[in-house]
Amino acid sequence: MSRIGVFVCHCGLNIAKTVRVSELAQFAATLPDVVVAKDYKFMCSTPGQEMIANDIKQHKLDRIIVTACSPLMHEQTFRKVLAASGLNQYLLTIVNIREQVSWVTHDIEEGTAKAKALLNGAVYRARLLAPLTSRVIDVNPDVMVIGAGIAGIQAALELANTGKKVYLVEKNSTIGGHMAQFDKTFPTLDCSACILTPKMDSILQHKNITMLTSCEVSEVKGFVGNFDITIRQKARYVDHGKCNACLACTEKCPGKGVSEWDEGLVKRKAIYIPFPQAVPQKPVIDRDSCTFFKKGKCRLCEKVCEQKAIDFDQQDTFIQVKAGAVILATGYDLMDTKPLIQYGYGKYPGVYNALEVERLFNSAGPTGGKVTMRDGREPQAIAVLHCIGSRDKNNSEHCSRVCCMYSLKFAHLFKEKTSADVYQFYIDMRAAGKGYEEFYNRIIGEDVKFIRGKGARVAQSPDEEGRLIVEAEDTITGKFIKVPVDMVVLSPAMVPRADSRDIARLFNLSTDKQGFFMERHPKLAPLSTMSEGIFIAGVCQSPKDIPDTVAQANGAAAEALTIVVKDKMELEATTAMVNPASCCACQNCVRVCPYGAPFFNESKGVSEINEALCKGCGLCASVCPSSAIIARHFTNDQVLAEMEGLMEF
Amino acid sequence: MSQTVTPYLEMSQAIMEAGGEALKKCYQCGTCAGTCPWTPITDFNIRKLVRFGQLGLDGIEDFMWGCSTCKFCVDRCPRGVEIIDVVTAIRNVYSGGGMLPQSLRAFVGSLSARGNPWSGDQAKRNDWAKEKYPLYTKDKEYLFWSCCTVCYDPRNTRLAKATAELLNQSGLSWGLPSVDVNCCGESLKKVGDLELFERLKNNNLDYFKSNGVSKIITVSPHCLASFKKDYGDDYEVLHLSELIARLVKEGKLTPKKDFGGVKVTYHDPCYLGRHSGVYDAPRDVLKSIAGLDFVEMGRNREQSMCCGGGGGGLWMEKLKGERLSDLRIEEALETGASVLATACPYCITMFEDSVRTLNVDDRIKIKDVTELFLESLDVNIEELMAGASDLNFTCKM
């Protein structure tokens, strides 16, 4: 015989509006083993908690049922009340009559009836609950940060400064990310390199940071506190241990590849560093453009290298890294605008995308910071087209958030560097950050022409060679407008990295419709994911500007720290276990588990469950044909009893 | 007109209820009006039409007839607004109150009284065929849906005959509908008369069902799009150009005659291209003809220009300088082609008008892809046409 206390919460009117809460409490009092049943306005408040604690003592309760909101909200709150009152915390049952009842009906009769059914089931199950003991595991103190753009750099530095060891993994041969490609940043017009390169250098110098460039994650094993990650170090064909960064090799190399860093606007050597402030300041060889790899002879770089650092036989290698927590900061790609044939990108040389223009402005870029077009001319008239692929049902439905502001920045820089007329074709001007509206005002004052209408088409001018016509409706006058320009800049959607879904699979993350990583909760857990110990920062979660990215990076660092700051951590006791005597070795459990917790022990011929990976979802138990798997806290007896209770209604 | 307006949300609600639900999604970016072929040459502004619809503003009736339902805006709309549905709904709601333009009254009246838009005698629908071609019966495979325009319009009866002749040459088992059928109703629906459209449609569906029709060949892309979108999924509907392309590919029809370098360009009908996604078939047919020098116009395929004949445009008068078909003829002339081929009776009618009013009918001929293909089979269309002028018809021109 157990002694059950039932506590019905009103949640203000959230529940009380569509469930008759006092009737529910009176009903509870009639159920078997229920010793006390009460309702209260806010059960999670201090008086509410004290009421439960007092009743535990006064009525010698040994099972507590709280009918309230989702267990995601307050299960921990009430477990603590039980623990403080000397009861095992797993003897608590939460019945969710808010999200599952009151919020999904307007009918108080229906709501009350459903709440009674759920409560009846809960009472039946509660009688069979058993006390459980949480497990404690060791925690690896290191953190891995994946992606070394501004988000990854910031997170790595914050963590390293707390004394934690950080592995910073970057797939390119240099760190820096997109921010290192920009010339100026809005709205302050700070020089991007001036604020970023000191941080890049700090990464290189920091004793707590291991920088792994030209590296990609190839396998992830383990669980929160104990990740075991395999990194593929791609062959650079240059031994960075020997290289002294004299760069004599890059001068002599006859190979020509397309400069990814300059968005394909110029060529680079086959052995190269992407840009002058690259970190590490050591070259790599691009196989695809290297004369030796293509034709079997050349090796000029090898001849001029005094350090004997060139190694054409270098192979990809694999590095094993252990970490307690991981931060993903893998950034974004710019949408490919070629399929939008109406804008002529890739067809007319005068049409540029935003990142190409960033490189044109940059003093380390292909034109040395001068705005000259592919044909060498300086443009006399320029159109910047907003929302290309963003806010567009046919492409990316989201607003990319930064384009309005960088398009304004472009207008300013064009005005500063050329004598061109500048037109902005926009739908809505979104300037909702600190200092952004002021920046918009400033640009209006610079005599930029704003046309409120989305650019509809870019065409070759029939009259002048090399001149383009931008067509749109100026929605303010309602006129069809044709603007002759020399240069068109497209501000395309920011989209997830091409391989974002692969990365999501490696780390067991969900992605949203577009492919951006899903956060655990859009408001209250924006940096956590559904995988414990994996955090996200920057544009890999959704488009955002540099200030927001840096803020997220700091936040993700703090979140990761909450895990690795402790030597040990407590894990949920509600996991599954295998009774080896009944296991029939079918391995259904191994196949269905989304967390990889069950594994087959070949020597014993039975399945076993890694409790640290187990989330207690019960999938394995439900597919086990011999009932060898017991889902603790959701045993067959407990679940069947609950169903019986439910079905009495 | 007063510059002060007041939202009239009951009208906006009525538009939504008439099928224009999508208008609430519009965020007025202007992509539609910037894409619309009418914006540069007329006062018609599709974005404004939607805007007036959103607020139910007075004055909407002044410009609701400008749209030719070419679907260019729908394809480009970033919000996925079904703009043609909005236009249709607006016309439905407003034209009920006697707002139908004069030129469309005869059109709707004829459809209501005679089941075709050309004031043709229903009993004479198949007179062009002179009992030379078979009627559809249950043992036939294909119904050749002869559009009203090819049955009654003298220029287009050529196309009807060419098609029938070609089907005979193909060896397929086919037949014509009886005179009991009506217009498919596509343009009528776009003009907003949804009630009459349902009547015509149900009459045609009765014919299909009672005659066991399952495969339909259309000569007009308007019938094609209407059957596919509004007549349900029980029918396999093919445009003639798709059928010819298939027969050529299978080696069942082979062009014989060499055209000797005749330069031909092709105009994508909106209802074949953007509405039905058929771009390659007519081109494949043209390219199969020996000695035919095929050239594209600057705007082609998905970006093709509209002739202005859709959405009721065929029956409405347009001022000189406001005709899309004139602009399209100029584009065709720029290519140096001596033949402008197309695959739609409406386009043919619009272009024939334009070459005459522009006085260029000696420089460029308007032909259907089917007509050209039949010529390549060495069939003399003129012989087929002998006696065609006996037909009793009343229509525009």
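Since the structure is predicted, the reported quantities are computational estimates derived from the model, not experimental observations. (Residues numbered from 1 in each chain as written. Chains lettered and ligands numbered in written order. Predicted model: local features only at pLDDT ≥ 70, side-chain atom pairs only at ≥ 80, totals over all residues.)

Participant: Could you clarify how one ought to interpret the overall build of chain B in this entry?
Facilitator: Secondary structure summary: chain B contains 17 helices and eight strands in total. Its C-alpha atoms give chain B a radius of gyration of 21 Å, within 12% of the compact-globule value 21 Å for 397 residues. Taken over 397 residues, chain B has a buried fraction of 53%. (Helix = DSSP H or I, 4+ residues; strand = E, 2+ residues; numbered from the N terminus. Rg over C-alpha atoms; globule rule 2.2 N^0.38 Å. Buried ≥ 20, exposed ≤ 12 C-beta atoms within 10 Å, placed from the backbone.)

Participant: Before we go on, may I ask you to explain the overall build of chain A in this structure?
Facilitator: If you tally the helices and strands in chain A, you get 17 helices and 34 strands. The buried share among the 649 residues of chain A stands at 46%. By sequence separation, contacts in chain A at least 24 residues apart represent 70% of the contacts at least 6 residues apart. (Contact = placed C-beta atoms within 7 Å.)

Participant: Hey, could you run me through the domain arrangement of chain A in this one?
Facilitator: Accessible area lost when the parts come together is the quantity often used to give the size of an interface. The domains assigned to chain A are domain 1 (4-126), domain 2 (143-234 + 316-331 + 497-564), domain 3 (248-304), domain 4 (334-494) and domain 5 (575-631). Placing a centre on the C-alpha atoms of domain 1 of chain A and another on those of domain 4 of chain A gives a separation of 59 Å. (Domains from an automatic or database assignment.)

Participant: When you look at the domain arrangement of chain B in this model, what are you seeing that I'm missing?
Facilitator: All names here are of chain B. Under the domain assignment, chain B is made up of domain 1 (9-95), domain 2 (104-247) and domain 3 (254-381). Relative to domain 3, the C-alpha centre of domain 2 lies at a distance of 21 Å. Residue-level contacts link 32 residues of domain 2 with 32 residues of domain 3. The set of elements that each furnish at least two residues to the side of domain 2 that touches domain 3 consists of α6 (102-114), α7 (148-152), α8 (154-170), α9 (186-191), α11 (221-230) and α12 (240-249). Tallied by class, the residues present in the side of domain 2 that touches domain 3 amount to 16 nonpolar, nine polar and seven charged. (Nonpolar A, V, L, I, M, F, W, Y, C, P; charged D, E, K, R; others polar.)

Participant: Sorry if this is basic, but what is going on with the sheet that holds strand β26 (residues 479-485) of chain A here?
Facilitator: Residues and elements named next belong to chain A. Across the sheet, which stays open at both edges, the three strands sit in the order β24-β25-β26 with antiparallel pairing between neighbours. The sheet is open, and its two borders are formed by β24 (457-460) and β26, each paired with just one other strand. Geometrically, the sheet is characterised by an average inter-axis angle of 30° between neighbouring strands, direction not taken into account. Of the strand pairs in this sheet, β24 and strand β25 (residues 468-474) are connected by four bridges, and their pairing is antiparallel. Note on β25: the bridge partner recorded for Arg457 is Glu471. (Pairing = 2+ DSSP bridges. Axes fitted to C-alpha atoms, helices over the stretch in contact; angles between N-to-C directions.)

Participant: Got a minute to help me understand helix α3 (residues 46-55) of chain B in this structure?
Facilitator: Because an α-helix packs 3.6 residues into every turn, residues spaced three or four apart end up facing the same way. The element α3 of chain B is largely enclosed, with a buried count of eight among its ten residues. Phi turns positive, to about 65°, at Gly56 of chain B, one or two residues after α3 of chain B.

Participant: Is there a simple way to explain helix α15 (residues 345-357) of chain B in this structure?
Facilitator: Between the first and last C-alpha of α15 of chain B there are 18 Å, a value that for 13 residues agrees with the 18 Å anticipated at 1.5 Å per step. Taken together, the buried positions of α15 of chain B are occupied by Pro345, Tyr346, Cys347, Ile348, Thr349, Met350, Phe351, Asp353, Ser354 and Val355 of chain B. (Expected span 1.5 Å × (residues − 1).)

Participant: So what exactly am I meant to see when it comes to the interface of chain A and chain B here?
Facilitator: Between chain A and chain B, the contact holds 15 residues from the first and 16 residues from the second. For the side of chain A that touches chain B, the element with the highest residue contribution is β25 of chain A, accounting for three residues. Residue composition of the side of chain A that touches chain B, by class: four nonpolar, four polar and seven charged.

Participant: Sorry if this is basic, but what is going on with the pairing of strand β5 (residues 262-266) of chain B here?
Facilitator: Both faces of the sheet carry side chains from a regular strand, because those side chains alternate between them. Residues and elements named next belong to chain B. Here β5 pairs with strand β6 (residues 292-295) via four bridges, running parallel. For Thr265, the partnering residue across the bridge sits in β6 and is Val295. Handedness of the crossover joining β5 and β6 through helix α13 (residues 280-287) is recorded here as right-handed. Relative to strand β7 (residues 339-342), β5 is paired through three bridges, and the arrangement is parallel. Counted as the bridge partner of Val264 is Val339 from β7. (Right-handed = clockwise from strand over helix to strand, strands pointing away.)

Participant: Whenever I open this one, the packing of α12 of chain B against α13 of chain B confuses me. Can you help?
Facilitator: Residues and elements named next belong to chain B. The contact between α12 and α13 brings their axes to 8 Å, and the two run at 50°. Between α12 and α13, the angle falls in the class oblique. Of the two possible hands of crossing, α12 and α13 adopt the one that is left-handed. Only Ala281, Pro282, Asp284 and Val285 of α13 make contact with α12, whose side of the interface consists of Ser241, Glu242, Ile244, Ala245 and Val248. (Parallel < 35°, antiparallel > 145°, perpendicular 65-115°, else oblique. Left-handed = near helix turned anticlockwise from the far one by under 90°.)

Participant: Please clarify how the sheet that holds strand β1 (residues 142-145) of chain B should be interpreted in this entry.
Facilitator: Sheets are built from strands that pair by backbone hydrogen bonding, the pairs being arranged parallel or antiparallel. Residues and elements named next belong to chain B. Taken in spatial order, the four strands make up an open sheet running β2-β1-β3-β4, and their pairing is parallel. Of all the strands in the sheet, just β2 (174-175) and β4 (236-239) have a single pairing partner and so form its edges. Direction of pairing for β1 relative to strand β3 (residues 215-218): parallel, over a ladder of four bridges. Residue pairing for β3: Tyr142 is matched across the bridge by Lys215. Packed onto the sheet, α11 meets β1, β3 and β4 and runs at close to 160° relative to β4.

Participant: Sorry if this is basic, but what is going on with the environment of Lys165 of chain A here?
Facilitator: Structurally, Lys165 of chain A is set in the loop between α5 (150-161) and β7 (166-169). Each residue touching Lys165 of chain A, except ones within four places of it in the same chain, is listed here: Pro141, Asp142 and Asn208 of chain A.

Participant: What's the story with the packing of helix α11 (residues 403-417) of chain A against helix α12 (residues 436-444) of chain A in this structure? I'm lost.
Facilitator: A pair of packed helices is captured by two measures, namely the crossing angle of their axes and the spacing between those axes. Residues and elements named next belong to chain A. Where α11 contacts α12, the two axes come as close as 10 Å, and the packing angle between them is 35°. Seen along the crossing, α11 lies across α12 with a hand that is left-handed. Seen from α11, the contacting residues are Met405, Leu408, Ala411 and His412; seen from α12, they are Tyr436, Phe439, Tyr440 and Ile443. Residues belonging to the contact of α11 with α12 are distributed by class as follows: seven nonpolar, one polar and no charged.

Participant: Quick question: what am I supposed to make of the environment of Tyr406 of chain A here?
Facilitator: All names here are of chain A. Following the sequence through the fold, Tyr406 ends up in helix α11. As a C-alpha pair, Tyr406 and Lys184 span 222 residues in sequence and 9.4 Å in three-dimensional space. Excluding residues within four positions of it along the chain, Tyr406 makes contact with Phe186, Ala354 and Ser491.

Participant: What exactly am I supposed to notice about the confidence of the model for chain B here?
Facilitator: All names here are of chain B. When pLDDT is averaged across chain B, the result is 93; 96% of the residues are at 70 or more. Predicted confidence for residues 388-397 stays below pLDDT 50, and this span has 18 contacts to residues more than four positions away or in other chains. Across the predicted assembly, pTM comes out at 0.87 and ipTM at 0.86. (pLDDT = per-residue confidence, 0-100.)

Participant: Would you mind going over the environment of Lys615 of chain A with me for this structure?
Facilitator: All names here are of chain A. As for its position among the elements, Lys615 is in the loop between β33 (606-609) and α16 (619-623). Lys615 sits in the partly exposed class, given 19 other C-beta atoms within 10 Å. Sequence separation of Lys615 and Pro594 is 21 residues, and the distance between their C-alpha atoms is 9.5 Å.

Participant: Explanation requested: unusual backbone geometry in the structure shown.
Facilitator: Excluding glycine, residues mostly have negative phi values, and the peptide bonds linking residues are mostly trans. Residue and element names in this part refer to chain A. The omega torsion of the bond from Phe186 to Pro187 falls at -5°, within 30 degrees of zero and hence cis. Of note, Pro187 is situated in the loop between β8 (184-185) and β9 (190-191). Residue Val279 is joined to Pro280 through a cis peptide bond whose omega torsion reads 0°. Topologically, Pro280 is positioned in the loop between β15 (271-272) and β16 (284-285). One non-glycine residue, Asp33, lies in the positive phi region at around 70°. Structurally, Asp33 can be placed in the loop between α1 (21-29) and β2 (34-40). For Asp33, a count of 14 C-beta atoms within 10 Å translates into the label partly exposed. For Leu247, which is not glycine, the phi dihedral falls at a positive 65°.

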